[in-house]
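One letter stands for each residue in the lines below.
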Amino acid sequence: MRREDHARLPRMCFAPARKPPGSLPSVPSFRSLLAAVLIAGVLVALAAVPAGAGGDAFREETTRAVRAHEKARAHVDRLRAGDARTTEVRSAERRRKAIRAGLWDALWSVARDAGDPVAVDPYGRAGRCPAARTRSRAPEVRDGDWTAPTRRYRLSAGYAARGSRWAHRHTGQDFAVPTGTPVYAVGPGTVRATTCGDGFGSQVIVRHSDGYFTQYAHLSRIDVRKGGRVAAGQRLGLSGATGNVTGPHLHFEVRITPYMGSAVSPLPWLRRKSVDIGG
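Residues numbered from 1 in each chain as written. Predicted model: local features only at pLDDT ≥ 70, side-chain atom pairs only at ≥ 80, totals over all residues. Heavy atoms only, no water.

K.L.:
Break down the overall build of the protein for me, with residues and values.
P.N.:
When its secondary structure is counted, the protein shows 6 helices and 10 strands. Going through the 279 residues of the protein one by one, you find that 47% of them count as buried. Intrachain contacts of the protein at a sequence separation of at least 6 include 68% that bridge at least 24 residues. Of the roughly 14,700 Å² that the protein leaves accessible, carbon and sulfur atoms contribute 53%. (Helix = DSSP H or I, 4+ residues; strand = E, 2+ residues; numbered from the N terminus. Buried < 20%, exposed > 50% of the residue type's maximum accessible area, 1.4 Å probe, protein only. Contact = heavy atoms within 4.5 Å. Areas by Shrake-Rupley, 256 points an atom, 1.4 Å probe, with all protein chains shown as cover.)

Shown next, in the form of structure tokens:
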């Protein structure tokens, strides 16, 4: 199954309830209609891109979809913080999920056609990933539910950095650590994929309860398996220099979907979880 959530825009987003003759639309109804039109535009643009596309036009559309999703997510957060009506929060959440659904389908199609192991081999069986024979150790005892992905690090390449090392912009945050440094789940979740063999080398992708995914790449060893539950601070593996790298480090990424093209800035995301790692 491509994605867990097949949310679609409800009809009410496109067809507001009828008003008595002569009455004017309320401001909330107008805003809802405007939001629905914007979301529909994003989804139509993504649907118009043929499967397997990966050019500049496709990247621009997915970038717009990522921004639209984050704007919708921030709107949901504001509504919840302001004790908005339950129906209003649910409507806003449906709009957010609709954007994610369109982005998910588009990126899954491209990832599948490109042979991305996250889409075609999430168990990592074909790549024969270097895995530990024993299960991961119990999570470290921490204050709070979220933590940094590694310890004693130096922040190196940041999100959206440019350079000859990347085809476009850097999609995550790099933590410079020696090979063999423990790598931890930043929060509780379920292992979505444990793959190897592409530019990310040996990697683990974890899905969290808020719907976001975190990626831990260039590992020298993987200590978890697809489908397993992990806690915050639980070891996922050891850092390394597998894949396309110039030296040992951890590539940490936060995504809206499991696939490349849906990354968001990881440090602000971690700060929303009360994790401040500097930078």
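From this point, the narrative continues.
K.L.:
Summarise helix H3 (residues 56–81); cite the residues concerned and give the values.
P.N.:
Compared with the 38 Å implied by 1.5 Å per residue over 26 residues, the 37 Å span of H3 between its first and last C-alpha is a close match. Every buried residue of H3 is accounted for by Phe58, Thr62, Ala65, Val66, His69, Glu70, Ala72, Arg73, Val76 and Leu79. (Expected span 1.5 Å × (residues − 1).)

K.L.:
Could you give an account of the pattern of salt bridges, naming the residues involved and the relevant values?
P.N.:
On inspection of all chains with the given rule, the structure shows 11 salt bridges. The shortest N-O distance in the salt bridge between aspartate 223 and arginine 221 comes to 3.0 Å. The class for aspartate 223 is buried, based on a relative accessible area of 7%. A salt bridge links arginine 235 to aspartate 223; the nearest nitrogen and oxygen atoms lie 2.7 Å apart. With arginine 235 in strand E8 (residues 235–239) and aspartate 223 in the loop between strand E6 (213–222) and strand E7 (229–230), the pair connects residues that are 12 residues apart, well separated along the chain. Look at arginine 235 and you get buried, because its relative accessible area is 12%. The network of salt bridges with shared partners includes Glu70, Arg73 and Asp77. (Salt bridge = Lys/Arg side-chain N within 4 Å of Asp/Glu carboxyl O.)

K.L.:
Before we move on, can you summarise the packing of aromatic side chains with the specific residues and values?
P.N.:
Evaluation of the coordinates by the stated rule reveals 7 aromatic pairs. Residues tryptophan 146 and tryptophan 269 carry aromatic rings whose centres are separated by 5.6 Å and whose planes lie at 90° to one another, so their mutual orientation is edge-to-face. Here the residue tryptophan 146 occupies a position in the loop between helix H5 (117–120) and strand E1 (154–155), and tryptophan 269 occupies one in helix H6 (residues 266–272), the gap between them amounting to 123 residues. Tryptophan 146 sits in the buried class, given a relative accessible area of 17%. Residue classification places tryptophan 269 among the buried positions, given a relative accessible area of 1%. (Phe/Tyr/Trp six-rings, centres within 6.5 Å; stacked < 30°, edge-to-face > 60°.)

K.L.:
Which residues make up helix H4 (residues 86–114), and what are the values?
P.N.:
Along its 29 residues, H4 runs 41 Å from first to last C-alpha, staying within 8% of the 42 Å computed at 1.5 Å per residue. Just downstream of H4, glycine 115 is the residue with a positive phi angle, here 75°.

K.L.:
So what about the pairing of E6? Which residues, and what values?
P.N.:
A regular strand places its side chains on the two faces of the sheet in alternate fashion. The element E6 is largely enclosed, with a buried count of 8 among its 10 residues. Sheet topology places strand E5 (residues 202–208) next to E6; 5 bridges connect them, and they run antiparallel. By the bridge assignment, valine 206 is partnered in E6 with threonine 214. The loop that links E5 with its antiparallel partner E6 comprises 4 residues; one of these, glycine 211, has a positive phi angle of about 95°. Pairing geometry for E6 and E8, over 3 bridges, is antiparallel. Bridging across to E8, leucine 219 finds its partner in serine 239. (Pairing = 2+ DSSP bridges.)

K.L.:
With reference to specific residues and values, describe the environment of glycine 247.
P.N.:
With respect to the element layout, glycine 247 can be found in the loop between E8 and strand E9 (250–255). Distance from glycine 247 to proline 178, taken between C-alpha atoms, is 8.9 Å for residues 69 residues apart in sequence. Here glycine 247 is in contact with Gly240 and Ala241, once residues within four sequence places are set aside.

K.L.:
How would you summarise the pairing of E8 if you had to cite specific residues and measurements?
P.N.:
Burial of E8 is extensive: 5 of the 5 residues sit out of reach of the surface. For strand E3 (residues 182–184) and E8, the ladder comprises 3 bridges, and the chain directions are antiparallel. Note that in E8 the partner of valine 183 across the bridge is glycine 237.

K.L.:
Describe the nonpolar core, listing the residues and the values that go with them.
P.N.:
By size, the foremost hydrophobic cluster in this structure holds 44 residues, and its most contacted members are Val204, Tyr216, Leu236 and Tyr259. Looking at this core, the elements that each hand over two or more residues are H3, H4, H5, strand E4 (189–195), E5, E6, E9 and H6. Per-element tally for this core: the top contributor is H4, with 7 residues. In contact with leucine 236, other than residues within four places in its own chain, are Val183, Tyr184, Ala185, Val204, Val206, Tyr216, Arg221, Ile222, Asp223, Val224 and Val230. (Core = buried A, V, L, I, M, F, W, Y, C linked by side-chain atoms within 4.5 Å.)

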